[in-house]
Amino acid sequence: MTVAAVSSAHHLRELDPRTPVESARRIIADGALRSSDDHRVGLELEFHLVDLAHPGRRPSWLAVQSLMSGLPVMPGGSSVTLEPGGQIELSTPPHPDLVACVTALRADREALRGALAAAGFGAAPLGTDPARPVQRTNPHQRYVAMEQHFEALGYPGPGRAMMSATAALQINVDAGPAAGWSQRLDHLRALVPMLIAASASSPYLDGRSSGWHSMRQQTWHGIDPGRSDPITSGDPAEAWADYALDAPVMLVAEGERLVPVTQRVTLGAWLKVPQLIGRAAT
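Colleague: For this particular structure, what's the right way to read helix α10 (residues 236-246)?
Modeller: Helical geometry note: an α-helix holds 3.6 residues per turn, so side chains three or four residues apart project in the same direction. Turning to α10, its buried residues number three or more, namely P236, A237, A239, A241, Y243, A244 and L245. For α10, the secondary structure elements touched by its buried residues are α1 (20-32), α6 (181-190), α9 (225-228) and α11 (267-272).

Structure follows, in structure tokens:
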């Protein structure tokens, strides 16, 4: 389970080439949170897609695409998308409060389950895929590049498992008034044990158990800490900017192609030395 702030669309801002790192820091910090008196909530719920006739076999991408084309519009307005391993995800629009959001998600979950069952499929809301081999089936360039990035940086097993064999409930909330951002982030930190416990009924992954009650949490611990460690202190917007600048760059666009970055280069380092990746950041 993860918690994030509901984001707002921003106008594109250009980096100042004279001070690219500080310019990027300001762009990231200024866009990190939006002060608001709203209390909107959005939920994202992921499931492992199961072919009921062949539960031990991961559905092929062709079968998943055919299934998706026949799904109805969700009554609560959720979008339906796919993750790298064919996991299926419901993402609600923002709702004015938690009760309205849960009500809408529950209706969409039942509609999705009914449509999947009619087509011979089920949806398992577990933190990890307990028995099937880890395998990426989604051929999107982004996921191919992600997989290659994790392998090159030394996290091939956890990287592939995180992408293709985990599922979660993700909670998105408005940031609220700026004066309370630090206190709200402290409150979220205090909830971390409860959030981890939400996936503690996932002790198996790929037919094995490591002894962790949540192998989803173990998987996330196994990938690059620059991508998975929590923000622990400081002004939330400034801390997020520091976090982003210290995070490794995963991929870059070359025309219509997405190319993996196969060495560990942080965003801050790339901004300082464009030659590390072979082109300047924008």
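Colleague: Just to check I follow, could you spell out the nonpolar core for this structure?
Modeller: Side chains that are nonpolar tend, in soluble globular proteins, to be buried together. Among the nonpolar cores identified, the biggest contains 18 residues, and F47, L49, I88, L90, L112 and L116 are the most heavily contacted of them. Per-element tally for this core: the top contributor is strand β2 (residues 41-51), with five residues. The contact partners of L49, leaving out residues within four places of it in the chain, are P59, V64, L67, G86, L116, F121, G122 and R132. Core analysis: the second largest hydrophobic core is formed by 16 residues, A24, L245, V259 and V261 among them.

Colleague: Would you explain the layout of surface pockets in this entry?
Modeller: The rolling of a water-molecule-sized probe over the atoms marks out the regions of remaining empty space. Roughly 200 Å³ of internal volume is contained in the second largest pocket. Across the lining of the second largest pocket, the residue classes break down as eight nonpolar, three polar and two charged.

Colleague: Looking at this model, I keep getting lost on the pairing of strand β3 (residues 79-82). Mind explaining?
Modeller: Regular strands show a simple pattern: their side chains alternate between the two faces of the sheet. Strand direction decides the pairing type here: β3 and strand β4 (residues 88-91), joined by four bridges, are antiparallel. Looking across to β4, one finds that T81 is bridged to E89. Hairpin connection between β3 and β4: a loop of five residues separates the two successive antiparallel strands, and G86 in this loop has a positive phi of roughly 85 degrees.

Colleague: What is the right way to look at the packing of α1 against α10 in this model?
Modeller: Two measures define how a pair of helices packs: the angle their axes make with one another and the distance between the axes. Packing of α1 against α10 brings their axes to within 8 Å, and their N-to-C directions diverge by 130 degrees. Accordingly, the angle class assigned to the pair α1 and α10 is oblique. For the crossing formed where α1 meets α10, the hand is right-handed. Of the residues in α10, those in contact with V21, A24, R25, R26, I28, A29 and A32 of α1 are A237, E238, W240, A241, D242, A244 and L245.

Colleague: Is there a simple way to explain the side chain of T219 in this structure?
Modeller: Topologically, T219 is positioned in helix α8 (residues 215-221). A polar atom in the side chain of T219 sits 2.8 Å from the backbone oxygen of M215. The residues touching T219, leaving out its near neighbours within four places in the chain, are P158, A161, M162, T166 and L205.

Colleague: How do you make sense of the pattern of salt bridges when you look at a structure like this?
Modeller: It is possible for side chains bearing opposite charge to pair when their charged atoms get close. Throughout the structure, instances matching the rule amount to 16 salt bridges. Between R257 and E254 there is a salt bridge, and its shortest N-O distance comes to 3.5 Å. Judged by relative accessible area, E254 falls into the partly exposed class, the value being 41%. Linked through salt bridges whose partners overlap, the residues forming this network are R13, E22, R25, R26, D30, E238 and D242.

Colleague: Would you explain the packing of aromatic side chains in this entry?
Modeller: The geometry of two aromatic rings is summed up by the distance between their centres and the angle between their planes. Applying the stated criterion to the full structure yields one aromatic pair. Relative to Y243, the ring of W240 has its centre 5.5 Å away and its plane inclined at 15 degrees; by these criteria the two rings are stacked. You can see W240 and its partner Y243 sitting in helix α10, three residues apart, about one turn around the helix. With a relative accessible area of 41%, W240 lands in the partly exposed category.

Colleague: Teacher, can you tell me more about the environment of A241 here?
Modeller: Along the chain, A241 turns up in helix α10. With a relative accessible area of 0%, A241 lands in the buried category.

Colleague: Any chance you could explain the packing of helix α4 (residues 141-152) against helix α5 (residues 156-164) here in plain terms?
Modeller: Direction vectors running N to C along α4 and α5 enclose 155 degrees, while the axes themselves pass 7 Å from each other. Judged on the interaxial angle alone, α5 and α4 are roughly antiparallel. Both α4 and α5 take part in a crossing whose hand is right-handed. The segment α4 lies against α5, with Y143, M146, E147, F150 and E151 engaging P156, G159, R160, M162 and M163. Partitioned by chemical class, the residues of the contact of α4 with α5 number six nonpolar, one polar and three charged.

Colleague: Honestly, unusual backbone geometry in this entry has me stumped. Any pointers?
Modeller: Note: most peptide bonds trans; most residues except glycine with negative phi. In this model, D206 sits at a positive phi of 55 degrees, which is unusual for a non-glycine residue. As for its position among the elements, D206 is in the loop between α7 (192-197) and α8. Note on D206: relative accessible area 34%, which makes it partly exposed.

Here is what the cut-offs are and how they apply
- Residues numbered from 1 in each chain as written.
- Predicted model: local features only at pLDDT ≥ 70, side-chain atom pairs only at ≥ 80, totals over all residues.
- Heavy atoms only, no water.
- Buried < 20%, exposed > 50% of the residue type's maximum accessible area, 1.4 Å probe, protein only.
- Helix = DSSP H or I, 4+ residues; strand = E, 2+ residues; numbered from the N terminus.
- Contact = heavy atoms within 4.5 Å.
- Core = buried A, V, L, I, M, F, W, Y, C linked by side-chain atoms within 4.5 Å.
- 1 Å grid on protein atoms, 1.4 Å probe; cavity = no way out; pocket = protein on both sides within 12 Å on 5 of 7 lines; lining within 4 Å.
- Points joined across faces, edges and corners; volume = space filled by probe spheres on them.
- Nonpolar A, V, L, I, M, F, W, Y, C, P; charged D, E, K, R; others polar.
- Pairing = 2+ DSSP bridges.
- Axes fitted to C-alpha atoms, helices over the stretch in contact; angles between N-to-C directions.
- Parallel < 35°, antiparallel > 145°, perpendicular 65-115°, else oblique.
- Left-handed = near helix turned anticlockwise from the far one by under 90°.
- Polar contact = N/O pair within 3.5 Å; in protein donor to acceptor, adjacent residues only side chain to side chain.
- Salt bridge = Lys/Arg side-chain N within 4 Å of Asp/Glu carboxyl O.
- Phe/Tyr/Trp six-rings, centres within 6.5 Å; stacked < 30°, edge-to-face > 60°.

Function-wise, these values are silent; they only describe arrangement.
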